[in-house]
Amino acid sequence: MNDDPAVDAPIDDEPYRQALSALVDNELSPKECAALIGRVAGDPSAATRISSYRAQNSALKALFPAGGGAMAPLLIARRPGWTARAGAAAVWLGCGLALGLMAGWLRADFGERPSFASDADLAYAVYAPEQRHAVEVPVADEQHLLAWLSKRLDRTLSIPSLREHGYFLLGGRLLPGPNGPAAQFMYENASGQRLTLYITAANGRPGAMRAMHEANGQSTYYWVDGGMGYALSGRAAREDLRSMAVDVCGALGGRPEIWR
Amino acid sequence: MSFESEVVALLPVLRRYAHALTGNAAWADDLMQDTAERALNRRLKWRAGSNLKAWLLTMLRHLYIDQLRKQHDAGGHGSGMQWRDGEAPREQVDGLLLRDVQRALYRLPIDQREVLLLVGLEELSYQEAAAVLGIPRGTVMSRLSRARERMHSLMSEDGAGEPKQPVLKVVRSPR
């Protein structure tokens, strides 16, 4: 930054350095300011600091612009009570975000993980590495797969497409779960990476999408909607997995107005 | 403006701060979402007229610390270094290469990084930053000063990436 070593030598006088910082941040009283200016005038290393600190601020703002990048849609669950009651689903739109009101959010267990999320995580770890038996019913039999799993879960299921993200359905399987049967759909991309979508009945309150990240790089994004728990698991980059989970949730939620 | 719309209006700020703090866009989105949700569910704890931005940043920070701790307990990534997104642009601002600034930022200890971001990026006053961090104003000043001096010396090194000299010069333990 500066070729003169004297100018760039560390300033060991801590109060002095703090005052230089405070000058940059307009945190000095007029009196302190006047006193400091006198000292800085004869000190090139102080002038270097002031311009360096200012440059750091501008660089940070350039690195992290507010509103930079596309905003992911958000689903915010709330406790009933502050405005309309449940059912009257109002939607706020702002900065490309949608805040959906959902019924039944109680309280206290903020961040508690429903068991289906861990089950989904585990099921991914067990079946995703399977080469020959990754699925019970292959995609060639998609109609049968859907009819069968819909019957077992007692709800009309649909399988969201992840083609846009480069993932294709391999098929699905039925799994046991604490709240009855669970369906696991498996997807794969061209490089053999796999994702699973896990669906089961869930008693949890409808809530925002949450994530759990394992140390091995496996992540699961999960949410509850309409008495069902959904979880998308994989080892894709978090941001990719998250945006796929948002798409899946939009495709399955039955209330896309909350999401878009 | 209603409380909700004020929170919504601040979401891009929360996201920016979370991104700068974690160095990871997806983690930042998760943090922003958790913070927004917590804020909307705790609106009764909000005192009208006080600084909403500082209140939200405080919540975000607590969530971040919780998540860091959990990750650490799970044997995951401790330092935060691994979470840096890819390279910053080579673009120059005020004579500084953004890439070098980014690199230096994630070499700061977390307590220095957060104070630098609150004041330098979010433009909080020292008093507001002290409230967000739960520390005295004087500690804000000393951490900030150390952070900036450290950034300055990291970037004065050749290319900031592979310093010719050991990076650590004089490091005093805080307080």
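Residues numbered from 1 in each chain as written. Chains lettered and ligands numbered in written order. Predicted model: local features only at pLDDT ≥ 70, side-chain atom pairs only at ≥ 80, totals over all residues. Heavy atoms only, no water.

**So, the overall build of chain B**
Argument step 1. In terms of regular secondary structure, chain B is built from seven helices and two strands.
Argument step 2. Listing every helix and strand of chain B by position from the N terminus yields α-α-α-β-β-α-α-α-α.
Argument step 3. Within the span of chain B, comprising 175 residues, buried residues form 58% of the whole.
Argument step 4. Considering only contacts in chain B between residues 6 or more positions apart, those separated by 24 or more positions represent 62%.
Argument step 5. Element-wise, carbon and sulfur atoms account for 51% of the exposed surface of chain B, whose accessible area totals about 7,600 Å². (Helix = DSSP H or I, 4+ residues; strand = E, 2+ residues; numbered from the N terminus. Buried < 20%, exposed > 50% of the residue type's maximum accessible area, 1.4 Å probe, protein only. Contact = heavy atoms within 4.5 Å. Areas by Shrake-Rupley, 256 points an atom, 1.4 Å probe, with all protein chains shown as cover.)

**Comments concerning the environment of Gln218 of chain A**
Residue and element names in this part refer to chain A.
Argument step 1. Following the sequence through the fold, Gln218 ends up in the loop between strand 7 (210–213) and strand 8 (219–225).
Argument step 2. A relative accessible area of 5% places Gln218 in the buried class.
Argument step 3. A C-alpha to C-alpha distance of 8.9 Å links Gln218 and Tyr124, two positions 94 residues apart in sequence.
Argument step 4. Not counting chain neighbours up to four residues away, the residues in contact with Gln218 comprise Asp121, Tyr124, Ala125, Met212, His213, Gly234 and Arg235.
Argument step 5. Reaching out from Gln218, the side chain makes a polar contact with the backbone oxygen of Asp121 at a distance of 2.8 Å. (Polar contact = N/O pair within 3.5 Å; in protein donor to acceptor, adjacent residues only side chain to side chain.)

**Brief notes about the side chain of Ser142 of chain B**
Argument step 1. By the element assignment, Ser142 of chain B lies in helix 7 (residues 137–156).
Argument step 2. Not counting residues up to four positions away in its chain, the partners in contact with Ser142 of chain B are Glu14 and Gln18 of chain A.

**Focus on the pattern of salt bridges**
All names here are of chain B.
Argument step 1. Within the structure shown, the criterion is met by 18 salt bridges over all chains.
Argument step 2. Close ionic contact of Arg43 with Glu4 constitutes a salt bridge, the shortest N to O distance being 2.8 Å. In this pair, Arg43 is assigned in the loop between helix 2 (25–41) and helix 3 (52–73) and Glu4 in helix 1 (residues 3–22), connecting sequence segments 39 residues apart.
Argument step 3. What makes Arg43 partly exposed here is its relative accessible area of 24%. (Salt bridge = Lys/Arg side-chain N within 4 Å of Asp/Glu carboxyl O.)

**Structural notes on the sheet that holds strand 8 of chain A**
Note on sheets: strands pair through backbone hydrogen bonds, and any given pair is parallel or antiparallel.
All names here are of chain A.
Argument step 1. An order of 3-4-5-6-9-8-7 is seen for the seven strands of this open sheet, with the pairing classed as antiparallel. Of all the strands in the sheet, just strand 3 (137–138) and strand 7 have a single pairing partner and so form its edges.
Argument step 2. Seen against the sheet, helix 5 (residues 115–127) touches strand 4 (167–175), strand 5 (182–189), strand 6 (194–201), strand 7, strand 8 and strand 9 (228–234) and runs at an angle of roughly 140° to strand 6. (Pairing = 2+ DSSP bridges. Axes fitted to C-alpha atoms, helices over the stretch in contact; angles between N-to-C directions.)

**Observations regarding the confidence of the model for chain A**
Low-pLDDT portions of the prediction should not be read for the details of their coordinates.
Argument step 1. On average, residues of chain A carry a pLDDT of 77, and 75% of them reach 70 or more.
Argument step 2. Every residue in residues 254–260 of chain A scores below 50 in pLDDT, and together they form 19 contacts with partners more than four places removed in sequence or on other chains. (pLDDT = per-residue confidence, 0-100.)

**Topic: the packing of aromatic side chains**
Argument step 1. What the rule picks out here adds up to six aromatic pairs over all chains.
Argument step 2. Ring plane angle 50° and centroid distance 5.4 Å describe the contact between Trp27 of chain B and Tyr64 of chain B, whose orientation is recorded as tilted. Residue Trp27 of chain B is located in helix 2, and its partner Tyr64 of chain B is located in helix 3; the two are separated by 37 residues in the primary sequence.
Argument step 3. When its relative accessible area of 2% is taken as the criterion, Trp27 of chain B is described as buried.
Argument step 4. For Arg39 of chain A, the ring lying beneath its charged end belongs to Tyr16 of chain A, and the centroid distance is 3.5 Å.
Argument step 5. Across from the ring centre of Tyr127 of chain A, 3.8 Å away, lies the NZ or CZ of Arg173 of chain A, which sits over that ring. (Phe/Tyr/Trp six-rings, centres within 6.5 Å; stacked < 30°, edge-to-face > 60°. Lys NZ or Arg CZ within 6 Å of the ring centre and 35° of its normal.)

**Some points on unusual backbone geometry**
Argument step 1. Not every positive phi belongs to a glycine, and Asp154 of chain A is a case in point at roughly 60°.
Argument step 2. Inspection of the secondary structure puts Asp154 of chain A in the loop between helix 6 (142–153) and strand 4.
Argument step 3. Residues other than glycine seldom take positive phi values, yet Glu123 of chain B does so here, at roughly 60°.
Argument step 4. Take Glu123 of chain B: it is sitting in the loop between helix 5 (110–121) and helix 6 (126–133).

**Looking at the environment of Phe116 of chain A**
All names here are of chain A.
Argument step 1. If you trace the backbone, Phe116 turns up in helix 5.
Argument step 2. Distance in space between the C-alpha atoms of Phe116 and Val224 is 9.8 Å, their sequence separation being 108 residues.
Argument step 3. For Phe116, the residues in contact, after removing those within four places along its chain, are Tyr198, Thr200, Ala202, Tyr222, Trp223, Val224, Gly229, Tyr230 and Ala231.

**Examining the pairing of strand 5 of chain A**
Residue and element names in this part refer to chain A.
Argument step 1. Most of strand 5 is tucked away: seven of the eight residues are buried.
Argument step 2. Pairing geometry for strand 4 and strand 5, over eight bridges, is antiparallel. The partner of Gly172 across the bridge, within strand 5, is Phe185.
Argument step 3. In this antiparallel pair of consecutive strands, strand 4 and strand 5, the connection spans six residues, and Gly180 shows a positive phi of 105°.
Argument step 4. Inspection of the sheet shows strand 5 paired to strand 6 by seven bridges, in the antiparallel sense. The residue of strand 6 that forms the bridge with Glu188 is Arg194.
Argument step 5. Remark: four residues form the turn of the hairpin made by strand 5 and strand 6, two consecutive strands paired antiparallel; Gly192 in that turn has positive phi of roughly 85°.

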